[in-house]
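Single-letter residue listing:
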Amino acid sequence: MNFLDDSLLPENQPPLVIQVAPYGPEFLPGDSDDIPVTMDEQVQKAVDCWNAGATVLHVHVREADGKGSKRLSMFNEMLARLREAVPDMLLQVGGSISFAPEGEGSDAKWLNDDTRHMLAELTPRPDQVTIAINTNQMNVCELMSADDVAGTSLALPAYQQAYTEMTIPSGPAFVAEHLRRLQAAGIQPHFMLGDAGQLETVERLIRRGIYTGPLVLNWVGIGGGADGPNPRNMMEFINRCPDNAVLTIESIMRNVLPLGTMAIAMGLHVRCGIEDNLWGKKGERMTSVQQVEQFVRIARELHREVATGAQARQIYRIGEHYASADEALGKLGYLPNRQPGERGAPLRLAA
């Protein structure tokens, strides 16, 4: 991404899209007063986050007993109710479906490829499904301190060990087929990327015509197999994104606020919610709604507009698709593919 002399001026920045993840699938209901369990509570949480200023909802679903749901019928019910309750909110289903271990000490696993492919068959269809790229470690506990997990199930040694050893299964065959199915269903993939190497893989998918849509993505600075929350890591990732990518900054626990504040100042977008962070200042819990409200206040202090639902849909380019790899590369701001016999850097065609 390029920055001009006037890029930090809010009147030249897009409205801020706030993505909220209020369902916290790695936590159990007793871990926080802010975990919705019943379907009514889960829908109401979406309404509350929308009213606070969030325009993208990261969706996971819980069963009546509080466990993460793996049933597509539950997701269908949730999506149908959300379409009525928050009709202007973008609905983004978490591609892991549920990675919560069944019991203390059991493995924390993402569901198998066939089950995850069924996310392309959800009815009503969501606006987005998240997708991770490249099979990789996902140790969500690496950066969490004892203070971060105090009073939660993640403080239990066996439970924490399960999440420490978790991996993301996302090999080339799965990714290609998943992208094919999502695009055929009119669902936008939202790329969840932990480092520049994963971004390079996405670029290759675009250059080969496997993915031909907008590049809407999160930099997931959570450590444990992804970049850590070092601003140098974030800036390198930003530098590597093409100019027309839509980039949201995501991190973990109390790193969410400082990195999100940088993102707002730079004209990027933010994610918050209890899936990522339970805390305000040290030792004080903060709800998902409070986190959204905090980012709204920061945006206002920086004189940056907060996106409406319609603006978020336009910024994310929901429904947009390109006819070829060449068109996608041009729309996204990448250099074109090299033509036979061409030497040097391929040049962009003049408009």
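Note that the coordinates shown come from a computational prediction; the quantities given were computed from them, not determined experimentally.

**Focus on the sheet that holds strand 8 (residues 216-220)**
Moving on, step 1. What the eight strands build is a closed barrel, ordered 1-2-3-4-7-8-9-10; its pairing is parallel. Direction aside, the axes of adjacent strands within the sheet are offset by 30 degrees on average.
Moving on, step 2. Bridging between strand 9 (residues 246-250) and strand 10 (residues 269-272) involves two bridges; their strand directions are parallel. Looking across to strand 10, one finds that isoleucine 249 is bridged to valine 270.
Moving on, step 3. Sheet strands touched by helix 2 (residues 72-85): strand 2 (56-59) and strand 3 (90-93). Its angle to strand 3, the strand with the most contacts, is close to 165 degrees.

**Let's talk about the packing of aromatic side chains**
Moving on, step 1. In the structure shown here, the tally under the stated rule is two aromatic pairs.
Moving on, step 2. Considering the side-chain rings of phenylalanine 191 and tyrosine 211, the 5.2 Å spacing of their centres and the 75 degrees angle between planes classify their relative orientation as edge-to-face. Note that phenylalanine 191 is positioned in strand 7 (residues 188-193) and tyrosine 211 in the loop between helix 7 (196-207) and strand 8, a separation of 20 residues in sequence.
Moving on, step 3. A relative accessible area of 2% places tyrosine 211 in the buried class.
Moving on, step 4. Just above the ring of phenylalanine 174 sits the side chain of arginine 116; from NZ or CZ to the centre is 3.9 Å.
Moving on, step 5. The ring of tryptophan 279 is capped by arginine 285, whose NZ or CZ atom sits 4.8 Å from the centre of that ring.

**Some words on the environment of phenylalanine 295**
Moving on, step 1. In this structure, phenylalanine 295 sits in helix 10 (residues 288-301).
Moving on, step 2. By relative accessible area, which is 2% here, phenylalanine 295 ends up buried.
Moving on, step 3. In this structure, the C-alpha to C-alpha distance between phenylalanine 295 and arginine 180, residues 115 residues apart in sequence, is 35 Å.
Moving on, step 4. With residues near it in sequence (within four places) discarded, phenylalanine 295 still touches Leu16, Ile18, Val256, Leu257, Gly260, Thr261, Ile264, Val270, Arg271 and Cys272.

**Some details on the pattern of salt bridges**
Moving on, step 1. As enumerated under the stated definition, the model contains 17 salt bridges in all.
Moving on, step 2. The shortest N-O distance in the salt bridge between arginine 240 and glutamate 236 comes to 3.5 Å. Here arginine 240 and its partner glutamate 236 are both found in helix 8 (residues 231-240), four residues apart, which amounts to about one turn of the helix.
Moving on, step 3. When its relative accessible area of 38% is taken as the criterion, glutamate 236 is described as partly exposed.
Moving on, step 4. Between lysine 281 and glutamate 284 there is a salt bridge, and its shortest N-O distance comes to 3.8 Å.
Moving on, step 5. The structure contains a network of salt bridges with shared partners spanning Glu200, Arg204, Glu236 and Arg240.

**Here we look at the packing of helix 9 (residues 256-266) against helix 10**
Pairs of packed helices are described in terms of their axes, by the angle between the two and the distance that separates them.
Moving on, step 1. Packing of helix 9 against helix 10 leaves a shortest axis separation of 10 Å and a crossing angle of 35 degrees. Regarding helix 9 and helix 10, the two cross each other, and that crossing is right-handed. Of helix 10, the residues touching helix 9 (which contributes Val256, Leu257, Gly260, Thr261 and Ile264) are Gln294, Phe295, Ile298 and Ala299.
Moving on, step 2. A class-by-class count of the residues in the contact of helix 9 with helix 10 yields six nonpolar, three polar and no charged.

**Here we look at unusual backbone geometry**
Moving on, step 1. The peptide bond linking threonine 123 to proline 124 adopts the cis configuration, its omega dihedral lying at 0 degrees.
Moving on, step 2. Here proline 124 shows up in the loop between helix 3 (113-117) and strand 4 (128-132).
Moving on, step 3. We note that methionine 253 has phi near 50 degrees; this positive angle belongs to a residue other than glycine.
Moving on, step 4. Assessed through its relative accessible area of 3%, methionine 253 is described here as buried.
Moving on, step 5. Of note in the backbone geometry, histidine 303 takes a positive phi value of approximately 65 degrees without being a glycine.
Moving on, step 6. Along the chain, the position of histidine 303 falls in the loop between helix 10 and helix 11 (309-316).
Moving on, step 7. Histidine 303 sits in the exposed class, given a relative accessible area of 65%.

**Structural notes on the pairing of strand 2**
Moving on, step 1. Of the two faces of strand 2, the one carrying Val56 and His58 and the one carrying Leu57 and Val59 are both buried.
Moving on, step 2. As judged from the two bridges shared by strand 1 (residues 18-20) and strand 2, these two strands associate in the parallel manner. What sits directly across from valine 20, in strand 2, is leucine 57.
Moving on, step 3. In the classification by handedness, the crossover that spans strand 1, the intervening helix 1 (residues 39-52) and the parallel strand 2 is right-handed.
Moving on, step 4. Two strands pair when backbone bridges link them, and strand 2 and strand 3 are joined in this way by four bridges, in the parallel orientation. Residue pairing for strand 3: leucine 57 is matched across the bridge by leucine 91.
Moving on, step 5. The β-α-β motif built from strand 2, the intervening helix 2 and the parallel element strand 3 has right-handed crossover chirality.

**As for helix 7**
Moving on, step 1. Between the first and last C-alpha of helix 7 there are 16 Å, a value that for 12 residues agrees with the 16 Å anticipated at 1.5 Å per step.
Moving on, step 2. By the burial criterion, the buried members of helix 7 are Ala196, Gln198, Leu199, Thr201, Val202, Leu205 and Ile206.
Moving on, step 3. Check the buried side of helix 7 and you find it contacts strand 5 (136-137), helix 6 (172-184), strand 7, strand 8, helix 8 and helix 12 (325-332).
Moving on, step 4. Count one or two residues on from helix 7 and you reach glycine 209, which has phi positive near 80 degrees.

**Overview of the side chain of histidine 60**
Moving on, step 1. The residue histidine 60 is located in the loop between strand 2 and helix 2 in this model.
Moving on, step 2. Here histidine 58 takes part through its side chain, which lies 3.2 Å from a polar atom of the side chain of histidine 60.
Moving on, step 3. With near-sequence residues (within four places) excluded, histidine 60 lies in contact with Tyr23, Pro25, Gln42, Phe75, Met78, Gly94, Ser96, Ile97 and Glu275.

Definitions and cut-offs
- Residues numbered from 1 in each chain as written.
- Predicted model: local features only at pLDDT ≥ 70, side-chain atom pairs only at ≥ 80, totals over all residues.
- Heavy atoms only, no water.
- Pairing = 2+ DSSP bridges.
- Helix = DSSP H or I, 4+ residues; strand = E, 2+ residues; numbered from the N terminus.
- Axes fitted to C-alpha atoms, helices over the stretch in contact; angles between N-to-C directions.
- Contact = heavy atoms within 4.5 Å.
- Phe/Tyr/Trp six-rings, centres within 6.5 Å; stacked < 30°, edge-to-face > 60°.
- Buried < 20%, exposed > 50% of the residue type's maximum accessible area, 1.4 Å probe, protein only.
- Lys NZ or Arg CZ within 6 Å of the ring centre and 35° of its normal.
- Salt bridge = Lys/Arg side-chain N within 4 Å of Asp/Glu carboxyl O.
- Left-handed = near helix turned anticlockwise from the far one by under 90°.
- Nonpolar A, V, L, I, M, F, W, Y, C, P; charged D, E, K, R; others polar.
- Right-handed = clockwise from strand over helix to strand, strands pointing away.
- Expected span 1.5 Å × (residues − 1).
- Polar contact = N/O pair within 3.5 Å; in protein donor to acceptor, adjacent residues only side chain to side chain.

It is worth stressing that arrangement in space is one thing and function is another; only the former is reported here.
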